[in-house]
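# Architecture at a glance
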Amino acid sequence: MAENRLEQVYHLGQSIWYDNIRRGLITSGDLQKLIDDDAVVGVTSNPTIFEKAIDGSTDYDEAIKQLISQGTTGTQQIVEALMIQDIQMAADVFRPIYDRTQHADGYVSIEVSPTLANDTQKTIAEARRLFKAVGRPNVMVKIPATEEGLPAIEQMIYEGVNINVTLIFALDRYEAVAEAFIRGLEHRRREDQPVEDIASVASFFVSRVDTLVDKLLDQKIAATDDETKKGVLQSLQGKAAIANARLAYQTYRDIFHGDRFAALRIENAQHQRCLWASTSTKNPAYPDTYYVEALIGPETVDTLPPQTIVAFQDHGVAKDTLSDDIPGMREILDRLGDVGISMAEVTHQLEVDGVQAFADSYTKLLEATQGKVERLAQKTAAAAASDTASSAVSSAPSAAAAPSLADRMSTQLGPLQQAVDQTLRRADEEHWARRIWEKDPTLWKPAGTDQSEITDRLGWLTVAEQMCDMLPRLRDLRNDVKQAGFTHAILMGMGGSSLAPEVLMRTFGAAPGQPQLIVLDTTDPTMILDDEHAVDLRKTIFIVASKSGGTLETLSHYRYFSAKMEELVGAAEAGKHFIAITDPGTKLEQLANDHGFRAIFRNPPDIGGRYSALSFFGLVPAAIIGVDVEKLLDRAQTMQHACHGHVTTSDAGAQAPSGGTGSSGTAARENPGLDLGAIMGTLANMGRDKVTLVLSPPIDTFGYWIEQLIAESTGKEGKGILPVESEALGTPVVYGDDRLFVYLRTDQGFDNVQDTQVEALERAGQPVVRIALRDPYDLGMEFFRWEFAVAVAGILLGINAFNQPNVQEAKDNTNQILAEYATTHELPQPQPILRTEHVAIVADEQQAQRLVDAVSLQAALEAYFAEVRPGDYVAIMAFITKTNEVDDQLEAIRYRLRDLTKAATTLGYGPRFQHSTGQLHKGGANTGVFVQIVGEDVVDAAIPGEPYTFGVLRQAQALGDLRSLEAHGRRAIRLALGTDVRAGLAEIQRALDAAKVA
């Protein structure tokens with residue numbers, strides 16, 4: 001049996017409470033499972049989680065309808081009623097623990113409205129009322145430790161109400177909290193009332209202390225050139241929170257094991273235990289169990305979110321550490337004071353911010369509930385008006401209906417629905433959703449195989465929560481680049497480091513006063529020089545983004561622009577024009593430190609590049625251009641909670657969900673990400689392995705990001721799903737039976753023509769999934785939905801959805817060619833089998849034999865594309881300068897090939913596509929028919945420190961990619977156009993227009 005590390009923690013005297021509650025968690029049995037499997041002995045509620053559950057699931061729909069039918073119409077009254085139901089159900093689950101531990105554990109917390117944090121009398125009245133309304137002895141009422149909260153705490157303890165004192169940061173405030181608790185008990189004792197059954201915890205918010213202190217330390221590090229001082233400041237990072245908590249624990253021991261509590265101890269009064277809250281790690285440079293392991297000790301509580309429970313059970317160390325090195329902890333706080341960081345100011349700011357954050361969460365909860373009430377009322381009215389509506393909706397939800405999250409995806413799968421329903425039942429039976437959140441690698445690969453690149457790549461599940469704690473830093477960055485007068489930002493990155501930022505820039509644009517973002521993800525010297533000349537370099541901030549820290553293209557970009565900036569502003573100032581985003585400990589992080597970058601953002605290392613949209617890789621550029629990052633993350637978290645996928649049952653006003661469109665209700669059907677993934681994976685296994693994306697104009701670049709996510713995640717082991725992005729819709733007759741169409745439609749700026757075209761596809765029997773977005777900020781939801789869906793599709797394909805085993809091949813080929821060039825100063829020159837006025841055709845031996853008799857470009861292309869079989873796809877890979885005119889020519893060639901071959905088509909520019917669809921090209925099924933189009937550079941640019949130029953690098957990448965395709969036995973030809981690229985494309989277009997393929 002696996003080692004139960006949390007049970008070991010419990011035996012060391014620390015109680016584990018769960019920092020999460022929603023109805024589905026209770027009714028599904030998952031809460032009981034946490035008790036049984038993870039030694040959880042209590043739970044705390046959270047208005048943010050509650051809000052996401054209401055907005056992003058059907059957990060509360062029936063209960064809301066029932067409350068309305070009973071005459072409860074006020075939003076706050078509905079929220080309170082739902083919350084009380086949850087707390088009561090959870091308290092009943094924990095009641096046996098409460099009894100077994102003689103009232104030491106088994107508590108569930110409910111929160112007084114945070115808007116009352118600075119009103120003593122209203123807090124008292126609310127706490128008194130809530131405790132009575134819940135009517136369970138094992139309930140704690142949350143009261144914040146503000147100055148105004150202290151008298152309320154004392155009064156409630158006197159009245160016999162269990163209190164969870166929240167938002168404690170300062171040591172002196174904790175002493176005041178403990179005194180309020182003791183005075184409340186002493187008041188009871190003076191009146192001969194019992195004191196033994198009144199419980200309280202003092203909740204310290206741990207990681208937030210380091211978040212703020214580290215930010216202040218970073219500012220001081222950036223402001224000094226003294227290396228010794230920098231070393232001192234760096235040595236203090238990540239130390240304040242643990243020091244503060246350990247010293248608080250010493251205060252607890254002095255108070256509750258000393259004379260102050262002696263008289264109450266004799267009467268069996270409970271101690272007010274320290275509770276460590278916010279112990280999930282926010283800084284990716286620190287281990288994910290950092291705070292949990294450092295704060296284990298007797299007579300304490302640690303409240304853990306789901307991801308931290310999973311992490312600790314996997315690799316946490318259960319050891320009593322809470323009293324370690326107390327003199328050293330005092331020294332840390334003293335040293336912080338010596339360098340100018342006042343813990344009094346830090347903790348005061350944290351309290352102010354915490355109260356405001358709680359109040360904002362409560363406001364969002366009310367807004368989400370009001371929205372749900374309105375949607376349910378509209379649905380009820382619509383159902384009453386017409387009871388003949390089809391369960392398989394074939395048109396997008398209307399804007400007026402303001403559809404709930406569950407209603408925003410509709411399907412028209414026809415006879416394929418039966419197979420999808422079978423998959424969803426299997427997902428329920430095998431608990432896929434729960435196991436994904438538990439990071440169970442056996443979902444993708446069996447035990448005994450290498451699973452490290454699965455377990456180490458699931459951080460995307462919870463990164464939105466981590467990033468919420470980084471919002472102050474992102475806001476500071478936004479303001480900093482604006483105040484510094486930067487007019488442009490150039491992001492240098494490839495694949496997952498560049499695609500989400502490009503989507504966000506093209507979707508939202510730059511806010512007034514914020515820099516315009518240019519994404520540089522090419523080695524094309526013309527495009528690099530164009531970007532350079534389009535900006536004022538003195539007013540440009542450069543974002544160097546690389547997960548590995550060693551991406552060839554990105555570091556080449558950095559060398560080029562770093563040299564330019566040193567020429568303009570000098571070496572000492574050049575670094576202030578650069579920001580790094582990378583994993584902790586990479587070559588890029590060291591380079592950024594050495595050259596004094598303006599900022600370094602260390603990303604959580606357990607996230608692959610294509611899953612990093614909601615991490616620093618996507619959010620740092622978003623913040624710089626002024627996107628409302630908080631709003632984006634808020635939407636993402638709603639989808640995140642919806643994808644937890646708890647089963648709901650009829651209990652305390654909740655009823656089983658009625659199911660999605662066209663199938664019986666299952667937990668999987670109610671899980672938006674799992675539902676989409678089941679459709680993609682099931683249909684791919686049935687031969688419909690081409691996911692064709694149709695996007696409304698305001699969000700049409702979202703396909704850039706989806707393309708990489710699907711292709712790189714699924715294209716391996718001879719399997720895969722081909723994402724077909726930006727292929728304009730044709731008439732139904734041009735499509736075979738290998739397609740699945742997914743239509744993402746936003747009511748803001750939608751295209752009526754697209755609606756008509758999609759409806760025609762449905763009538764023709766093509767499977768269609770429709771996803772309705774309220775506005776572009778719903779992309780936050782879609783980033784997460786598609787990540788979850790692709791992970792699920794990987795389960796059905798039987799592949800590891802998180803590695804990219806073939807991407808390195810083309811890189812290795814490129815490096816080999818560059819190494820040869822460094823010696824010979826020449827690139828290999830493939831010999832053409834046919835040369836026309838503007839085009840030279842190159843093919844490997846197998847393709848050359850097939851084309852040997854061709855006497856014209858038209859004949860050669862006819863012979864080549866005659867090999868396209870049903871289920872194949874045609875991929876155009878263009879290593880040429882991207883311009884609007886060239887784009888139009890390539891799109892015309894693409895659509896002619898689609899109509900000529902009836903095959904799905906893709907178009908990608910190199911080397912960009914190598915970091916996205918390149919994995920599928922080499923590792924997926926051998927169904928690709930590849931056309932590499934290359935040109936010769938008219939201008940070039942040197943790469944400082946390298947013996948080759950950007951032009952040579954790009955040509956080497958094209959040759960390396962072709963070699964990799966040939967090594968895998970792929971069908972591929974190369975069309976070399978020389979320097980007159982447009983003339984060459986025109987010749988290809990004329991040949992294809994005249995071509996006929998049998």
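Refer to the structure printed above.
Residues numbered from 1 in each chain as written. Predicted model: local features only at pLDDT ≥ 70, side-chain atom pairs only at ≥ 80, totals over all residues. Heavy atoms only, no water.

## Considering the overall build of the protein chain
- On a plain count of helices and strands, the protein chain comes out with 40 helices and 24 strands.
- Against the globule reference of 30 Å for 998 residues, the protein chain gives a C-alpha radius of gyration of 30 Å, in line with a compact fold.
- The principal-axis extent of the C-alpha atoms belonging to the protein chain is close to 110 × 75 × 55 Å.
- Within the protein chain, the proportion of its 998 residues that are buried is 61%.
- By element, 48% of the accessible surface of the protein chain is carried by carbon and sulfur atoms, the whole surface being about 35,700 Å².
- Side chains of the protein chain carry 93 positive and 137 negative charges; the gap between the two charge centres is 2 Å. (Helix = DSSP H or I, 4+ residues; strand = E, 2+ residues; numbered from the N terminus. Rg over C-alpha atoms; globule rule 2.2 N^0.38 Å. Buried < 20%, exposed > 50% of the residue type's maximum accessible area, 1.4 Å probe, protein only. Areas by Shrake-Rupley, 256 points an atom, 1.4 Å probe, with all protein chains shown as cover. Lys, Arg positive; Asp, Glu negative; His and termini not counted. Charge placed at Lys NZ, Arg CZ, Asp CG, Glu CD.)

## As for helix α30 (residues 672-685)
- Relative to the 20 Å expected for 14 residues at 1.5 Å per residue, α30 spans 20 Å between its end C-alpha atoms, a close match to the ideal helical length.
- Burial runs high along α30: 13 of the 14 residues are buried.
- Phi for Gly687, located one or two positions after α30, is positive at around 100°. (Expected span 1.5 Å × (residues − 1).)

## A closer look at the sheet that holds strand β9 (residues 409-412)
- The strand order across the open sheet formed by five strands is β9-β18-β17-β15-β16, and the pairing between neighbours is mixed. Two strands in the sheet have a free side with no partner beyond their single neighbour: β9 and β16 (722-724). Across this sheet, the average inter-strand angle for adjacent strands is 20°, counted without regard to direction.
- Two elements, strand β17 (residues 739-746) and strand β18 (residues 768-773), share six bridges in a ladder whose sense is parallel. By the bridge assignment, Thr746 is partnered in β18 with Leu773.
- The strands touched by α30 are β9, β15 (690-695), β17 and β18; relative to β9, the strand with the most contacts, the crossing angle is about 25°. (Pairing = 2+ DSSP bridges. Axes fitted to C-alpha atoms, helices over the stretch in contact; angles between N-to-C directions. Contact = heavy atoms within 4.5 Å.)

## Brief notes about the pairing of strand β7 (residues 273-277)
- Most of β7 is tucked away, with five of its five residues classed as buried.
- By the alternation rule, side chains of β7 split into Arg273, Leu275 and Ala277 and Cys274 and Trp276, which are all buried.
- Alignment of strand β6 (residues 200-205) against β7, held across five bridges, turns out to be parallel. Of the residues in β7, the one forming a bridge with Val201 is Arg273.
- Pairing of β7 with strand β8 (residues 300-304) involves three bridges; the strand directions are parallel. Paired with Trp276 across the bridge in β8 is Asp302.

## What to know about the packing of aromatic side chains
- Counted by the stated rule, this structure contains 37 aromatic pairs.
- When the centroid spacing of 5.8 Å and the interplanar angle of 15° are considered together, the rings of Tyr249 and Tyr252 count as stacked. Of this pair, Tyr249 and Tyr252 both sit in helix α12 (residues 240-256), separated by three residues, roughly a single helical turn. Each member of the pair, Tyr249 as well as Tyr252, is classed as buried.
- Note on Trp444 and Phe802: the rings are 5.1 Å apart at their centroids and 80° apart in plane angle, and the pair reads as edge-to-face. With a gap of 358 residues between them, Trp444 in the loop between α19 (432-437) and α20 (452-455) and Phe802 in the loop between α33 (779-797) and α34 (807-824) connect regions that are remote in the sequence.
- Among the residues examined, Trp444 registers a relative accessible area of 3% and is labelled buried.
- A residue is classified by how much of its surface remains accessible, and Phe802, at 2% relative accessible area, is buried.
- Here the basic side chain of Arg473 rests over the ring of Phe601, its NZ or CZ set 3.9 Å away from the ring centre.
- We note Arg912 situated over the ring of Tyr704; from NZ or CZ to the ring centre the distance is 5.1 Å. (Phe/Tyr/Trp six-rings, centres within 6.5 Å; stacked < 30°, edge-to-face > 60°. Lys NZ or Arg CZ within 6 Å of the ring centre and 35° of its normal.)

## Here we look at the sheet that holds strand β1 (residues 14-19)
- The eight strands are arranged β1-β2-β3-β4-β5-β6-β7-β8 in a closed barrel whose pairing can be described as parallel. Strand-to-strand, the axes of this sheet are offset by a mean angle of 30°, without reference to chain direction.
- Across four bridges, the pairing between strand β3 (residues 108-111) and strand β4 (residues 139-144) is parallel. Bridge pairing in β4 links Ser109 to Met140.
- Together, β3 and β4 form the strand contacts of helix α7 (residues 120-134), whose direction differs from that of β4 by roughly 165°.

## Considerations on empty space enclosed by the protein
- What the rule picks out here adds up to eight cavities of 30 Å³ or more.
- Empty space within the largest cavity amounts to approximately 110 Å³.
- Considering the residues around the largest cavity, the lining is formed by 13 residues, among which Ser45, Asn46, Pro47, Phe50 and Met83 are closest to the centre.
- Among the secondary structure elements, those contributing two or more residues to the lining of the largest cavity are α4 (47-56), α6 (75-100) and α17 (343-385).
- Tallied by class, residues from the lining of the largest cavity come to nine nonpolar, two polar and two charged. (1 Å grid on protein atoms, 1.4 Å probe; cavity = no way out; pocket = protein on both sides within 12 Å on 5 of 7 lines; lining within 4 Å. Points joined across faces, edges and corners; volume = space filled by probe spheres on them. Nonpolar A, V, L, I, M, F, W, Y, C, P; charged D, E, K, R; others polar.)

## Here we look at the pattern of salt bridges
- Applying the stated criterion across every chain, the model contains 62 salt bridges.
- For the salt bridge of Lys33 with Asp37, the shortest nitrogen-to-oxygen distance reads 2.9 Å. Taken together, the residues span about one helical turn, with Lys33 and Asp37 both in helix α3 (residues 30-38) at a distance of four residues.
- Taking relative accessible area as the criterion, Asp37 reaches 35% and is therefore assigned partly exposed.
- Here Arg129 makes a salt bridge to Glu126, at a shortest N to O gap of 3.0 Å. (Salt bridge = Lys/Arg side-chain N within 4 Å of Asp/Glu carboxyl O.)

## Section: unusual backbone geometry
- With an omega dihedral of 5°, the bond running from Gly910 to Pro911 counts as a cis peptide bond.
- Here Pro911 lies in the loop between β22 (904-909) and α38 (918-923).
- Phi at Gln102 takes a positive value of approximately 55°, unusual for a residue other than glycine.
- Residue placement: Gln102 occurs in the loop between α6 and β3.
- Of note in the backbone geometry, His825 takes a positive phi value of approximately 60° without being a glycine.
- Following the sequence through the fold, His825 ends up in the loop between α34 and β19 (834-835).

## Some details on the pairing of β18
- In terms of burial, β18 is a largely internal element, six of the six residues being buried.
- Taking every second residue as pointing to the same face, both faces of β18 are buried, with Val768, Arg770 and Ala772 on one and Val769, Ile771 and Leu773 on the other.
- Judged from the four bridges that link them, β9 and β18 form a sheet pairing that is antiparallel. Across the sheet, Thr411 pairs through a bridge with Val769, a residue of β18.

## Thoughts on the environment of His825
- A relative accessible area of 53% means that His825 is categorised as exposed.
- Sequence-wise, His825 and Tyr948 are 123 residues apart; in three dimensions their C-alpha atoms are separated by 8.4 Å.

## Points about the side chain of Asp775
- Structurally, the position occupied by Asp775 is in the loop between β18 and α33.
- A polar atom in the side chain of Asp775 sits 3.1 Å from the side chain of Arg635.
- Apart from residues lying up to four places away in sequence, Asp775 is in contact with Arg635, Thr746 and Gln748. (Polar contact = N/O pair within 3.5 Å; in protein donor to acceptor, adjacent residues only side chain to side chain.)

## Examining a negative patch on the surface
- A cluster of like negative charges, contributed by Asp320, Asp324, Asp325, Glu331, Asp334 and Asp338, occupies part of the molecular surface.
- Here Glu331 is to be found in helix α16 (residues 326-338).
- On the basis of relative accessibility, which here comes to 45%, the residue Glu331 falls in the partly exposed class. (Patch = residues over 30% accessible without salt bridge, like charges linked within 9 Å, V, L, I, M, F, W, Y side chains within 5 Å.)

## Structural notes on the environment of Thr442
- Along the polypeptide, Thr442 turns up in the loop between α19 and α20.
- When the C-alpha atoms of Thr442 and Ile454 are compared, they prove to be 9.3 Å apart, with 12 residues separating the residues in sequence.
- Among residues more than four places away in sequence, those in contact with Thr442 are Arg435, Ala447 and Gln451.
- Side-chain polar atoms of Thr442 contact the side chain of Arg435, separated by 3.2 Å.

## Side note on the environment of Leu520
- Checked against the element boundaries, Leu520 lands in strand β11 (residues 516-520).
- Residue class for Leu520 comes out buried when judged on its relative accessible area of 1%.
- Residues Leu520 and Leu695 lie 175 residues apart in sequence; the distance between their C-alpha atoms is 24 Å.
- In this structure Leu520 touches Ile490, Leu491, Met492, Gly493, Ile528, Asp531, His557 and Phe561, once residues within four positions along its chain are discounted.

Bear in mind that shape data such as this cannot, by itself, settle questions of function.
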